[in-house]
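Chain by chain, the residues run as shown.
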Amino acid sequence: MISDLLNVDDSVRNMELSFETEHPTRPLYGVVDERTFQLYMHHAQQDAIKYSLLVTVREDDLRHGQCSKHGKTEPQNMLQSYIPGPESIAEVEKVANSSGGARKNALPEIVSINSQVGQGERRAEEVCTSPVEPYCNVPPIPFTVDEVDEEGSGSGGNFNREDGIYGQGGILGDIEEHRVFRSKKELMTCLSITSMRKKFQYKVFKSNTRFIVVRCVHPSCSWRVRANKLIESEYWMVTKHVKKHTCPTDFKTTRRRQATSWVVGECIKRRFINPGRVFRPRDVMDDMKQRYGVELSYSVAWRGRECAYENLRLGTPEQSYNLLPGYLHMLLQTNPGSVVNLEVTDRNKFQYLFIVFAASIQGFSYCRPVISIDATYVKGKYRGVLFTAVCHDANQQIFPLAIGVGDSENDAAWTWFLKRVKDVFGENPALVIVSDRHRSIRSAVEEAFPRAFHGICIYHLLNNLKTKFKSKNKELEQHYIPAAKSYNLQEFHVLFYTLCSAVPGAKEYLESVGLDRWTRSHTPCRRYNIMTTNISESFNAVLVKVRELPIIAFVNEVRLLCQRWFQQRRTKANGCSSRMSTDVENKLEQRRDRAQTMYVICADQYTFDVLDGDRNYCVDMALWTCMCRKFQLDQLPCDHVLAVVRKTQYDPYDLCSLYYTREFWCETYRGVIQPIPHISS
């Protein structure tokens, strides 16, 4: 923007901008790039700046040597050129070879340039009328600074443009003259880290709300730093820096007063970007010793680690709960169609949270209608319970549907969560809910999903059996799981009779639970191959370290996990070349191999008798049935059906449910979970 207004080529020139006061002793630096120039324009438009802008253009040209161009303008006049209007036309008029040329229009002067190129001289006056909107979407940051130091003299110097307004390296960078910091705390943090890195100690000589002076602790050392606060802002600028240390070398020690807990936290916070990272206080002590040569006490290392946690995890748990509504608002703005429900008590205390991403709502239509639900503890300061609802995609992978956070696992919390799930995903007669045997879940499912079938996780029921019949664990493991997974009713009765004979009392207990709720053969609807809550428990296991974070950091980590899963699986699905998903394709290939050893006897056009070892199975291709019942219940060709396919002209892919196809797999992950800006923005 600046180079366009001055009509200079910024590719071959080094532009330096500065302030000049009404009663200057010399220029004051602050406008250093296009962004800070826009800030200057913003404040000038609001009459917040009373100083002229001095523009210095240094041109480096190998053909013509060097030249300098200077000009200044009053911000009140300059602003008129920046107010967009219908009469504003972008043009540049030049008046050359004139020491005081007359204006060709009535617009105010932007800049006058005096230049010298080679041995000749020329004077040019340029007027710019191109409209530029003021940059008003940034916080007000005036750039004037009180330049009087403790001796009463000014300090000057050139701002390092390459480092930008905050300098190079952030708070981990070196102290340099004219470097600007966002706050006094950031300045002091940078001073402390610099002292640790360069192995010296400093003390605060003078400090107030306007300036600060620090010196080396050795009385004869000349090192010192002075910084002034920018007027009407929280920004601080280094105005003087004597870099050279004249203190004795043996004065340096490994224990330094600047290694406070919050400084240590700033130094090590990058170690905690991964929520699962284990970094003990002893590790903090070793890390600071290796990087800075600083010896810490255990208590300082522990407090430093806590400061790093607080910094990276968006503040304290209390602050996180206070910022939660704003974060959820941004989630809805960046992911339209998502559903968020935050419920508080009458005293405005957190009670329930429910989140579903729009991508999950879109993708569930292409997944089998079997939802696994589970709950686990939240390990943060205020505890609580995490509720999850997931299902399987076409590739047998976890597809996250909804998450919820509540105060405890009780009837009210489960009912509230499942009603929100129903509001988002609906209910149909084919829907199956799979869970453990928690009493609150059963009553909540009956209230929220009265038409859905509620199945029991067979492994949770096995653990209940082991608790009740402790002396029969071996017999239970041997007979219970095969009976529960059996497809065929005749096979189930044989296995169930054997189980009941080996474990007296098991028959009455399992029948009281309901055979249809834990056996595949008695289920009145399709559970496909989802007989456990392993997928929801696996999802909770992935979040085991994340559950320790404050609420916003926790929700954000869940979003990042889902965002990563969706992107990776979308790429994998789009790259699949077969008609079925990768997992189903492998499963069909294994069944084809077993079908090679079977004999097929044709009864008519649709009915076949398949000999599998010493047993025979009847396959009806008109009804899509097989006597083993795998074909009907899983909606995927079994070994016997594939044996018939090998002998006939049937296409095996036409016999598979659409839920296993590549098309449904791709559609499941078509939605995108968008990033959310940092809470500080």
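As the structure is a prediction and not an experimental result, all values here were calculated from the model.

Asks: I keep staring at the pairing of strand S16 (residues 398-406) and nothing clicks. Help me out?
Replies: Counting buried residues along S16, 9 of its 9 residues qualify, which places the element largely inside the surrounding structure. Looking at chain direction, strand S13 (residues 350-356) and S16 are connected through 3 bridges and run antiparallel. Paired with Ile355 across the two strands is Ile403, which belongs to S16. Relative to S16, strand S15 (residues 385-392) is paired through 8 bridges, and the arrangement is antiparallel. Residue pairing in the sheet places His392 in a bridge with Ile398 of S16. Here S15 folds back onto S16, and the loop between the two strands holds 5 residues, one of which, Gln396, carries a positive phi near 65 degrees.

Asks: Just checking my understanding: could you explain the confidence of the model for the chain for this structure?
Replies: Where the model shows low pLDDT, its predicted coordinates should not be examined in detail. Confidence in the prediction of the chain, expressed as mean pLDDT, is 76, and 71% of residues score 70 or more. pLDDT under 50 marks residues 58-170. Its contacts with residues more than four places away, or in other chains, come to 230 contacts.

Asks: Would you explain the sheet that holds strand S19 (residues 599-602) in this entry?
Replies: Where strands meet in a sheet, backbone hydrogen bonds hold them as pairs that are either parallel or antiparallel. Across the sheet, which stays open at both edges, the 4 strands sit in the order S19-S20-S21-S22 with antiparallel pairing between neighbours. A single partner strand is all that each edge strand has here, and the edge strands are S19 and strand S22 (625-626). In this sheet, S22 lies alongside strand S21 (residues 615-620) in antiparallel orientation, the contact comprising 2 bridges. Opposite Val619, over in S22, you have Cys626 as the bridge partner. Docked against the sheet, helix H21 (residues 639-647) engages S19, strand S20 (607-612), S21 and S22, running at close to 115 degrees with respect to S20.

Asks: Is there a simple way to think about helix H6 (residues 281-292) in this case?
Replies: An ideal rise of 1.5 Å per residue puts 16 Å on 12 residues; H6 measures up with 16 Å between its terminal C-alpha atoms. Every buried residue of H6 is accounted for by Pro281, Asp283, Val284, Met285, Asp287, Met288 and Tyr292. Immediately downstream of H6, the backbone of Gly293 shows phi near 70 degrees, a positive value.

Asks: Explain the packing of helix H12 (residues 458-468) against helix H13 (residues 473-485) here, please?
Replies: How two helices sit against one another is set out by the angle between their axes and by the gap between those axes. Axis separation between H12 and H13 bottoms out at 11 Å; the angle between their running directions is 150 degrees. On the basis of the axis angle, H12 is roughly antiparallel to H13. Remark: the crossing between H12 and H13 carries right-handed chirality. Contacts between H12 and H13 involve Ile458, Tyr459, Leu461, Leu462, Leu465 and Lys466 on the former and, on the latter, Asn473, Leu476, Glu477, Tyr480, Ile481, Ala484 and Lys485. In terms of residue class, the contact of H12 with H13 is made up of 9 nonpolar, 1 polar and 3 charged.

Asks: Is there a simple way to think about the nonpolar core in this case?
Replies: Looking at soluble globular proteins, one finds that nonpolar side chains tend to be buried together. Counting 67 residues, the largest nonpolar core has Ile373, Trp414, Phe417, Leu418 and Phe554 as the members making the most contacts within it. Tallying contributions element by element places helix H18 (residues 551-574) first for this core, with 11 residues. Apart from the residues within four sequence positions on either side, Phe417 is in contact with Phe354, Phe387, Thr388, Ala389, Ala402, Ile403 and Gly404. Formed by 31 residues, the second largest nonpolar core is a distinct cluster that contains Val584, Val619, Phe631 and Cys638.

Asks: Even after reading the chapter, I still don't get the pattern of salt bridges, so can you show me in this structure?
Replies: Pairs can form between side chains of opposite charge once their charged atoms are near each other. Within the structure shown, the criterion is met by 15 salt bridges. A salt bridge links Asp423 to Arg420; its shortest N-O distance comes to 3.5 Å. In this pair, Asp423 and Arg420 both sit in helix H10 (residues 411-425), 3 residues apart, roughly one turn of the helix. Taken together, the shared-partner salt bridges in this structure form one network comprising Arg579, Asp651 and Asp654.

Asks: How should I be thinking about the packing of H12 against helix H15 (residues 506-513) in this particular structure?
Replies: For the pair H12 and H15, interaxial distance at closest approach is 12 Å and the crossing angle is 145 degrees. Taken as a pair, H12 and H15 cross one another with a handedness that is right-handed. Residues Leu461, Asn464, Leu465 and Lys468 of H12 form the contact with H15, whose own contacting residues are Tyr509, Leu510 and Val513. Looking at the contact of H12 with H15 residue by residue, the classes come out as 5 nonpolar, 1 polar and 1 charged.

Analysis parameters
Residues numbered from 1 in each chain as written. Predicted model: local features only at pLDDT ≥ 70, side-chain atom pairs only at ≥ 80, totals over all residues. Heavy atoms only, no water. Buried < 20%, exposed > 50% of the residue type's maximum accessible area, 1.4 Å probe, protein only. Helix = DSSP H or I, 4+ residues; strand = E, 2+ residues; numbered from the N terminus. Pairing = 2+ DSSP bridges. pLDDT = per-residue confidence, 0-100. Contact = heavy atoms within 4.5 Å. Axes fitted to C-alpha atoms, helices over the stretch in contact; angles between N-to-C directions. Expected span 1.5 Å × (residues − 1). Parallel < 35°, antiparallel > 145°, perpendicular 65-115°, else oblique. Left-handed = near helix turned anticlockwise from the far one by under 90°. Nonpolar A, V, L, I, M, F, W, Y, C, P; charged D, E, K, R; others polar. Core = buried A, V, L, I, M, F, W, Y, C linked by side-chain atoms within 4.5 Å. Salt bridge = Lys/Arg side-chain N within 4 Å of Asp/Glu carboxyl O.

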